[in-house]
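Listed below, chain by chain, are the residues.
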Amino acid sequence: SDEGSSGDSDGDPAPAITAVRARRSVRGVILVWEAVPEALRYEVARRDGATSSWMLIAKNLPRPAYTIESHSAEQEYRLRCVTASGPGPWSSRIRLSGI
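So, a few notes on the structure that sits alongside this text. (Residues numbered from 1 in each chain as written. Predicted model: local features only at pLDDT ≥ 70, side-chain atom pairs only at ≥ 80, totals over all residues. Heavy atoms only, no water.)

Description of the overall build of the chain
In terms of helices and strands, the chain carries 0 helices and 8 strands. Counting from the amino terminus, the chain carries its helices and strands in the arrangement β-β-β-β-β-β-β-β. Burial analysis of the chain (99 residues in total) assigns 35% to the buried set. Here the chain has roughly 6,100 Å² of accessible surface; of this, 47% comes from carbon and sulfur atoms. (Helix = DSSP H or I, 4+ residues; strand = E, 2+ residues; numbered from the N terminus. Buried < 20%, exposed > 50% of the residue type's maximum accessible area, 1.4 Å probe, protein only. Areas by Shrake-Rupley, 256 points an atom, 1.4 Å probe, with all protein chains shown as cover.)

Structural data, given as structure tokens:
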């Protein structure tokens, strides 16, 4: 694609999401993170403890925020952005046990 960029934008991998924060709200816990300018959407995955497998729980988030209405201490979350090049790497695992 030639959108007036430096010419190498065609296959640039999507960046990892960083600076994830979790905060309480009246509806539960809100995860917020640094927006990725080229992101088309964001995805969130959850697992119910270290031995279980990851499950995609949101895959069309338009904004860098996700509300978790109920959770348990064992659950972990991770997120990634999807750009024109495809999905980026998953973020570090997020635990909500201290929130």
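Re the sheet that holds strand E2 (residues 28-32)
Whether parallel or antiparallel, the strands of a sheet pair through hydrogen bonds between backbone atoms. Strand order in the open sheet made by the 3 strands is E1-E2-E5, with antiparallel pairing throughout. In the strand order of this sheet, the two ends are held by strand E1 (21-25) and strand E5 (65-68), each with one partner. Within this sheet the neighbouring strands show an average axis-to-axis angle of 25°, counted without direction. (Pairing = 2+ DSSP bridges. Axes fitted to C-alpha atoms, helices over the stretch in contact; angles between N-to-C directions.)

Description of the pattern of salt bridges
Summed over all chains, the structure comprises 7 salt bridges. For the salt bridge of arginine 27 with glutamate 69, the shortest nitrogen-to-oxygen distance reads 3.0 Å. One end of the pair, arginine 27, is in the loop between E1 and E2; the other, glutamate 69, is in the loop between E5 and strand E6 (76-83), and 42 residues separate them in sequence. Here arginine 27 falls in the exposed class, since its relative accessible area comes to 52%. A salt bridge links arginine 95 to glutamate 76, with the shortest nitrogen-to-oxygen separation between them at 3.7 Å. With arginine 95 in strand E8 (residues 94-95) and glutamate 76 in strand E6, this pair connects stretches of sequence that are 19 residues apart. Exposure remark for glutamate 76: the relative accessible area of 5% places this residue in the buried category. (Salt bridge = Lys/Arg side-chain N within 4 Å of Asp/Glu carboxyl O.)

Here we look at the side chain of glutamate 76
A distance of 2.7 Å separates polar atoms of two side chains, one belonging to glutamate 76 and the other to arginine 47. A polar side-chain atom of glutamate 76 sits 3.2 Å from a polar atom in the side chain of arginine 93. Apart from the residues within four sequence positions on either side, glutamate 76 is in contact with Ala45, Arg46, Arg47, Trp54, Arg93, Ile94 and Arg95. (Polar contact = N/O pair within 3.5 Å; in protein donor to acceptor, adjacent residues only side chain to side chain. Contact = heavy atoms within 4.5 Å.)

Nothing here speaks to function; it is geometry throughout.
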